Amino acid sequence: MSFEPDLPISLVPMDATTFTQWKEYSAQSYAKDKVASGQWPAEGALERVHADMAQQLPDGLETPGHTIRHLVAGEERVGYVWWFERDRPGGRVGYIFDIEIDEVHRRRGYGRRALDALVLDVGQRGVTRLDLHVFAENTGAIRLYESAGYQITGVNMSLELS
């Protein structure tokens, strides 16, 4: 594996086999994050994510409005991104459901270049705003998003009463 800091990121379509592998990895990762953040109990978390993803992606890779891509630098896959686009009052809006740089490729500038590639891609299709959610514990991602110009638009808080 080589590190090429100046390689642009390409958004490359997934095939059906890779989609199946990605879907399970993404589900496990999201379930883990929901449990770690205290939002869900561990019991049933993965099943809950599977049900949510089945509802969000009923036609898999062909689900209208949803796009799932590999993030590729040169010839090397460095991560993935899943986003949704829809028309809203005031313009077309995108929502990043999931974006991840593989752990071995982190802290090398790929995340920022991936965001830049995504902004260029969706902007060419008329998206005027791109939203996302980030877990509060993910301070590295928060710094990345803020450095890319994302603004905090809301904050969820909780108080454990037990």
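Relevant structure appears above.
Description of the structure in this document. On a predicted model such as this, the values are computed, not experimentally measured, just so you know.

Overall, mixed pairing links the five strands, which are arranged β1-β2-β3-β4-β5 in an open sheet. For this open sheet the edge positions go to β1 (9-13) and β5 (127-132), each flanked by a neighbour on one side alone. Within this sheet the neighbouring strands show an average axis-to-axis angle of 35°, counted without direction. In the sheet, strand β4 (residues 91-101) pairs with β5 via five bridges, with the strands oriented parallel. Following the sheet pairing, Arg 92 is matched in β5 by Val 127.

Moving on to the packing of helix α3 (residues 110-123) against helix α4 (residues 139-147). Remark: α3 packs on α4, axes separated minimally by 10 Å, with the N-to-C direction vectors making an angle of 45°. It follows from the interaxial angle that α3 and α4 lie oblique. Every pair of crossing elements has a handedness; the one defined by α3 and α4 is right-handed. Two secondary-structure elements touch here, α3 through Gly 111, Arg 112 and Leu 115 and α4 through Leu 144, Tyr 145 and Ser 147. Looking at the contact of α3 with α4 residue by residue, the class counts come to three nonpolar, two polar and one charged.

For the rest of this paragraph, the subject is a nonpolar patch on the surface. A contiguous nonpolar patch, built from Ile 152, Val 155 and Met 157 and spanning about 390 Å² of accessible area, is present on the exposed surface. With respect to the element layout, Met 157 can be found in the segment after α4.

One finds Ile 9, Leu 11, Leu 71, Val 81, Ile 96, Ile 99 and Leu 118 to be the most contacted residues of the largest nonpolar core, which totals 21 residues. Those elements that place two or more of their residues in this core are β1, β2 (66-73), β3 (76-88), β4, α3, β5 and α4. For this core, the leading source of residues is α3, giving six residues. Among residues more than four places away in sequence, those in contact with Ile 96 are Val 81, Trp 82, Trp 83, Leu 115, Leu 118, Leu 130, Asp 131, Leu 132, His 133 and Tyr 150. One finds Ala 31, Ala 45, Val 49 and Ile 68 within the second-largest nonpolar core, a separate group that totals 13 residues.

With respect to the secondary-structure elements, Lys 34 resides in helix α1 (residues 16-36). With no salt bridge to any partner, buried Lys 34 finds its closest opposite charge in Asp 52, at an N-O distance of 7.4 Å. If sequence neighbours within four positions are ignored, Lys 34 has contacts with Gln 39, Trp 40 and Phe 135.

Here we come to the layout of surface pockets. Computed from the structure, the largest pocket encloses a volume of approximately 1,300 Å³. Asp 98, Ile 99, Asn 138, Ala 141 and Tyr 145 are the residues nearest the centre of the largest pocket, which is lined by 45 residues in total. A total of ten residues in the lining of the largest pocket trace back to one element, the largest contributor, which is α1. When the residues that make up the lining of the largest pocket are grouped by side-chain class, the tally is 21 nonpolar, twelve polar and twelve charged. Approximately 820 Å³ is the volume attributed to the second largest pocket.

Conventions we followed
- Residues numbered from 1 in each chain as written.
- Predicted model: local features only at pLDDT ≥ 70, side-chain atom pairs only at ≥ 80, totals over all residues.
- Heavy atoms only, no water.
- Pairing = 2+ DSSP bridges.
- Helix = DSSP H or I, 4+ residues; strand = E, 2+ residues; numbered from the N terminus.
- Axes fitted to C-alpha atoms, helices over the stretch in contact; angles between N-to-C directions.
- Parallel < 35°, antiparallel > 145°, perpendicular 65-115°, else oblique.
- Left-handed = near helix turned anticlockwise from the far one by under 90°.
- Contact = heavy atoms within 4.5 Å.
- Nonpolar A, V, L, I, M, F, W, Y, C, P; charged D, E, K, R; others polar.
- Patch = residues over 30% accessible without salt bridge, like charges linked within 9 Å, V, L, I, M, F, W, Y side chains within 5 Å.
- Areas by Shrake-Rupley, 256 points an atom, 1.4 Å probe, with all protein chains shown as cover.
- Salt bridge = Lys/Arg side-chain N within 4 Å of Asp/Glu carboxyl O.
- Core = buried A, V, L, I, M, F, W, Y, C linked by side-chain atoms within 4.5 Å.
- Buried < 20%, exposed > 50% of the residue type's maximum accessible area, 1.4 Å probe, protein only.
- Lys, Arg positive; Asp, Glu negative; His and termini not counted.
- 1 Å grid on protein atoms, 1.4 Å probe; cavity = no way out; pocket = protein on both sides within 12 Å on 5 of 7 lines; lining within 4 Å.
- Points joined across faces, edges and corners; volume = space filled by probe spheres on them.

Treat this as a map of the structure, not an account of what it does.
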